[in-house]
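In case you want the letters, here they are:
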Amino acid sequence: MAARVLRLALAGRPAAGAWSRRASRGSSHLTAPRGRTEAPQEEERPHFSRSSIGSFFQERPQLRNPFLQDALLQGYLRRHLPAQAVSAVGADLERFGERICSEVDALGRQCEETPPRLQHCDAWGRRVDRILTCPAWGRMKEISAQEGLVAAGYERTFRDWSRVYQMSKLYLCSPSAGLYTCPLAMTDGAAKVIESLGKSGPLDKAFQRLTSRDPQQFWTSGQWMTERKGGSDVASGTETVARLQPDGTYRLYGFKWFTSATDSDMTLTLGRVEDSLGHTVGGSKGLSLFYAEVRDELGHLNNIEVQRLKDKLGTRQVPTAELLLDGLRAHRVSEEGRGVASIANMLTITRLHNTVSAVAGMRRIIALGRDYATKRFVFGKFLKDHPLHMQTLARMEVETRAAFLLMMSVCRLLGREELGSASELELHLLRLLTPVAKLYTGKQAMSVVSEGLECFGGQGYMEDTGLPGMLRDAQVLSIWEGTTNILSLDVLRCLAKSHGQVLEAFFTDAKSKLATASGKRELGPAVTAVDSALGRLGQLVRTVAQLSPRFLELAARDLAYSLARIYMGALLVDHAAWEGATKTDLYAALRWCEQDLCPVVTKETHGCYEQEAVAMDTALVYDGSPVITHSAL
């Protein structure tokens, strides 16, 4: 058969059963040959010249100015920013949006395609432990300084709206930045800690560099907290020891299991100070905070050995390493034993950055998906004309809008706290909403981005489109800076430490937002849904004092989800009630409030937190396993 096909091809004749391809209106389909039996009268062509891949090539989605494409961001700024700031902020974001399309996005792609690598030794065998990154990574550092992606939060040009301005820039560029937003998050966190501790001694130089707009002066900071035993449990997992030196500095000895952005210029890290007998204090009371520069005056590592780079699912652009600290010269910057308390501000910042990255990823996949829907022609019409496809994108949009408003609320509260203009209610809200926003948007991002890949069909699974990397990178958002369960327990600690004041602030603020919308008839179903959820949550909370700690721990995750959904509903309703709101703002609020806004009450009603359920959860997980038998449960 193969020989016959070859003879016919050499004779210029199509073999029986061969097919030709014809393009029609953006799609290609196969048609049967007409059965020609003689060679065509045309000039001789190379062998197999009739083989064809067709004339149709799918047009790719196009990245357009992300600021001009984001109606919600523009509306939020118009509504909330002071009149004198709206014009300046809008002009800068529009300009930056063009730079993202023309420069930043291509650099980010290069960072993805050329991940960092570790050079242990030079050509002559000397241990150098150089982390080699691509030129685009270095260019990202320069652009970050020029654009003030950290500095804007500390210059406070727009006073208590400066954080909203800064995070708006990060929100626009995050999906294009090749994960350079990771070192920026830790740099911002370090600057926040230094500002809160007082900019004295070596910390003054560090702060000036961390917040500089000069690319030659700008520093980034690492965050070296996690050790092999610890993970999020730094109190019992930190084994690094600090030995006091005659000049008042310290030498650190230990092994750091996760050090993100290891190519940074400085770091903040935890360690236990040894007394004269070599003893240390255990638990969080024994931890102090230290500042260290990563390299010495000659550019050599400061008594640090890079053991290896981590081989990660996503965020491959960021060098994450295992480090041996073998006498790292450092300065203690907290009171002895107050290390964990001193990094609390850092966690607020990095968790907010995590939220910004989550919302930005959702917004970007929708922007690309809706552009593609105007270009992909299937089953007789464009994707945008298929109602089911548009319904799917709309559901993704509702999730993203709710997440955006929650993100901006935390940004606004942080800005007010930093300027000293926050009320006691707002301070309680900031403490509560920071972990809630991080844990909930991290989950949303994975779901929305995964759904977004489907909008591109098979191309959404192809690495060279750049789309799969968005999903890989989204996975870290529910893990970094505390997993969902860890942050849910943090929410419980927040409630306990405030003796219920944060919850009181939550209810007061949510109800005030509903009150502003009560006169808008179209919002009635959404207002009723949020108000009902608040009532059910309040009823459960009133019985909390009678519940066991074990019950609260089991309910922690569902409680955090309930707080997120209810507050996001209140934010959507409040935004839709604004005089400048659009029909789509109203529609988004109604759609969001159709879901179960208070799952913790629903689950409690079903007995999910009872002791019998605990036993059966374990039995279900280990069903058939020899490790635990049912009789032991």
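For the structure itself, consult the block above.
Time to look at the overall build of the protein. For the protein, the count of helices and strands is 21 helices and 13 strands. Considering only contacts in the protein between residues 6 or more positions apart, those separated by 24 or more positions represent 74%. With 77 positive and 71 negative side-chain charges, the protein shows a separation of 5 Å between the mean positions of the two kinds.

Let's shift gears to unusual backbone geometry. If you check the backbone angles, Asn303 has positive phi at about 55° while not being a glycine. Here Asn303 shows up in the loop between strand E9 (287–293) and strand E10 (304–309). Asn303 sits in the partly exposed class, given a relative accessible area of 36%. A positive phi angle is found at Thr315, which is not glycine, with a value near 45°. With respect to the helices, strands and loops of the structure, Thr315 is situated in the loop between E10 and strand E11 (321–332).

Here is the key point about a regular strand: its side chains alternate between the two faces of the sheet. Bridge count between strand E5 (residues 221–226) and strand E7 (residues 250–260): two bridges; the pairing is antiparallel. Within the sheet, the bridge partner assigned to Thr226 lies in E7 and is Phe258. By the bridge criterion, four bridges tie strand E6 (residues 241–244) to E7 in an arrangement that is antiparallel. Across the sheet, Val241 pairs through a bridge with Tyr253, a residue of E7.

For the rest of this paragraph, the subject is the state of the cysteines. Scanning all chains against the criterion turns up zero disulfides. Looking at the unpaired Cys173, the closest cysteine sulfur is the one in Cys101, lying at 12 Å. Cys411 forms no disulfide, and the closest cysteine sulfur to it belongs to Cys173, at a distance of 13 Å. Given the relative accessible area of 0%, Cys411 is considered buried.

To continue, consider the packing of helix H2 (residues 71–80) against helix H12 (residues 387–419). At a closest axis distance of 11 Å, the pairing of H2 and H12 adopts a crossing angle of 35°. Here the hand of the crossing between H2 and H12 comes out right-handed. For the pair formed by H2 and H12, the contact residues are Leu72, Leu73 and Tyr76 on the first element and Arg401, Phe404, Leu405, Met408 and Arg412 on the second.

We now examine the nonpolar core. Ile365, Phe404 and Phe506 are the most contacted members of the largest nonpolar core, which has 156 residues in total. Broken down by element, the residue count for this core peaks at 16 residues, all from helix H18 (residues 549–576). Not counting residues within four places of it along the chain, the set of residues in contact with Ile365 comprises Met396, Val448, Val449, Gly452, Leu453, Phe456, Leu467 and Met470. Core analysis: the second largest hydrophobic core is formed by 17 residues, Ile131, Trp224, Tyr250 and Ala321 among them.

Rules behind the numbers
Every chain is numbered on its own, with residues counted from 1 as its sequence reads. The model is predicted, so local features are restricted to residues of pLDDT at least 70 and side-chain atom pairs to those at 80 or more, both for listing and for counting; the totals for chains, interfaces and linings are taken over all residues. Based on all heavy atoms of the structure, the side-chain values leave hydrogens and waters out of the count. Secondary structure follows DSSP: runs of H or I at least 4 residues long count as helices, runs of E at least 2 residues long count as strands, and numbering of each begins at the N terminus. Here a residue-residue contact requires only that any non-hydrogen atoms of the pair lie within 4.5 Å. Charge convention: Lys and Arg are scored as positive, Asp and Glu as negative, and His as well as the terminal groups of each chain are ignored. The atoms used to mark charge sites are NZ of Lys, CZ of Arg, CG of Asp and CD of Glu. Buried residues are those whose accessible area, probed at 1.4 Å on protein chains only, stays under 20% of the maximum for their type, while exposed residues exceed 50% and partly exposed ones sit between those limits. Strand pairing is assigned whenever DSSP identifies at least 2 bridges connecting the two strands. Criterion for a disulfide: a pair of cysteine sulfur atoms at a distance within 2.5 Å. To obtain an axis, a line is fitted to C-alpha atoms, over the contacting stretch when the element is a helix, and the angle between two such axes runs from 0 to 180 degrees between their N-to-C directions. Note on convention: near helix rotated counterclockwise from far helix by under a right angle means a left-handed crossing. Clockwise means right-handed. Note on terminology: a nonpolar core comprises buried Ala, Val, Leu, Ile, Met, Phe, Trp, Tyr and Cys residues joined through side-chain atoms within 4.5 Å.

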